[in-house]
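Summary of structural features
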Amino acid sequence: MRHARAQDFYRRIRDKPNHWPVRVDRVSFKGVPSLGEGDIPITSVLTVLCGPNGVGKTSLLRAIWAALDPIAAARKAITARKLSAGTASVDLQVRNEPLSCEVTFVEGTIVGGIEHGIEIVHLDSSTEVLQQQDTFCSYDSAEDVINGEGGRALEDKELATLNFLTKRDYRAVQVYELELAESVLPFFEITYGADHYDSRTMGAGELAAFYLWWSLARAAEGSVVLIEEPECYLSPSSQDAFRDYVASMAFMRKLCVIMTSHSAQIIAPLGKESTRFFRRDAKGIKLVADRPPPILLETLGIKPPVDTVVFVEDAAGGAFCRLWLERLDPNLARRVEIMVRNGEGEIISAMRQLQGPFQFIRFLGLFDGDMKGKIPKDVQPVSAHLPGDEAIEIVFRKMVVQNPAKIVEITGWTDLETILFGLGGADHHDWYHMLSEHVGQTKQQLFATLFSIWMKDEANSTIALSCYRDLLALTGADTEVTDGAAQDR
């Protein structure tokens, strides 16, 4: 599958919600051990429940499964153990009509549920492929496993998909669908180069890829598919491929897919509408309602690469830019390298020398507020301004001088008015240096303190948010904080 083709499927999933006859809208639970109480909106037909080990993703997916297909879920002993009390409900749209499925967990049994006629597919490749392999290995030969059942040779298109998933070049694959262990299991015979082997001797990763492919390919159109940590046994490149394959099958077979994962390969490329991040507290699993902070992403191995260089006029502009981005958008802050130049002239010169287009990195100019209306036209398309109409050192200095009582109330600094009297007439750089000495903070600490005080003013936070959005538009990012989020931070 070509990358461009995969991106087309993601776009269609995002833009064509009415293409699906069945969609999950919301998952709710209450009183479930290890989960607690929660209400989780689902906004995409391809959704990944994300979080580190132990956060409760598997229990949550099992609760969804139990609400949608209580009989099948009850057959798994681990489901009864994980879901021993409480309630769970899943709200769906079925051909644009609302439907709610609710169950109660009572001492290992699942009570409730409704007949809805929707096929529910639950896949746990981490346990199922090894159980299948163990079943097949109890037979002396492949012929005994097949027991006269007819197989089917995969067509070229199907073979190409398996090659894409496993990163191999199979010459031929034969699949048998066998009724064993009260279910239909796939048995594969493979020709790879000069080798000929079957499911009994396949590697765990290879067999997992085959099983996941087979399960999705045979799912009925309009099914709800629940997949537990598909990355188990798959190499990173196969995880990449599987993510794209799921997107293709979700669209072509109109599947509503919910997966759990802690794989950076699966999670990182997906849009915010397709990911739900979770943490834990003493009461249970908690949805991270806003964009996940960098510390949570790092627990999953997701570290965004630096893709933007921002030139600022001086060290004060650089310090403000770092504090500003960390406050409003920590994820963007991790992608930005801030470079201090010696005034606006050097920024303009650098921007002219670094005119792109560059494929993997952007160069932007971030000027002080007093440069509004003064930036040359050829540099304007890649330029933004810091908040205010003056250099940020002047903005902060005026804030301190004009209302020292407020500064003292917030910081507890003593003799501030006397200190300010002694600093009268000082150059900006000297003024900050001496103020930091007399209040017992380093210049970095002082600047962070003044920034925090400045942001407490609603008018200032509104200006900061507007300037952030201007910069965000230049970075090409597709997300931003809300006004409420900015004020909360």
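Structure: see above.
Residues numbered from 1 in each chain as written. Predicted model: local features only at pLDDT ≥ 70, side-chain atom pairs only at ≥ 80, totals over all residues. Heavy atoms only, no water.

1. A short note on helix 20 (residues 458-475)
A rise of 1.5 Å per residue sets the reference length of helix 20, with its 18 residues, at 26 Å; its end C-alpha atoms lie 26 Å apart and thus fit the reference within 8%. All of the buried residues in helix 20 are Asn460, Ser461, Ala464, Leu465, Cys467, Tyr468, Leu471, Leu472 and Thr475. The N-capping residue of helix 20, defined by a side-chain oxygen 2.9 Å from the backbone nitrogen of Ala459, is Asp457. In the segment just after helix 20, Gly476 is the residue with positive phi, at about 80 degrees. (Helix = DSSP H or I, 4+ residues; strand = E, 2+ residues; numbered from the N terminus. Expected span 1.5 Å × (residues − 1). Buried < 20%, exposed > 50% of the residue type's maximum accessible area, 1.4 Å probe, protein only. Polar contact = N/O pair within 3.5 Å; in protein donor to acceptor, adjacent residues only side chain to side chain.)

2. Quick look at unusual backbone geometry
Phi angles above zero are rare outside glycine, and Asn96 is one such case at about 65 degrees. Residue position: Asn96 is located in the loop between strand 4 (87-94) and strand 5 (97-106). Since its relative accessible area comes to 48%, Asn96 is described here as partly exposed.

3. A closer look at the packing of helix 16 (residues 404-411) against helix 19 (residues 443-456)
Packing of helix 16 against helix 19 brings their axes to within 11 Å, and their N-to-C directions diverge by 110 degrees. Here helix 16 is positioned roughly perpendicular relative to helix 19, judged by the angle of their axes. Helix 19 is crossed by helix 16, and the crossing has right-handed handedness. In this structure, helix 16 contributes Ile407, Ile410 and Thr411 to the contact, and helix 19 contributes Thr449, Ile453 and Lys456. A per-class count over the contact of helix 16 with helix 19 returns three nonpolar, two polar and one charged. (Axes fitted to C-alpha atoms, helices over the stretch in contact; angles between N-to-C directions. Parallel < 35°, antiparallel > 145°, perpendicular 65-115°, else oblique. Left-handed = near helix turned anticlockwise from the far one by under 90°. Contact = heavy atoms within 4.5 Å. Nonpolar A, V, L, I, M, F, W, Y, C, P; charged D, E, K, R; others polar.)

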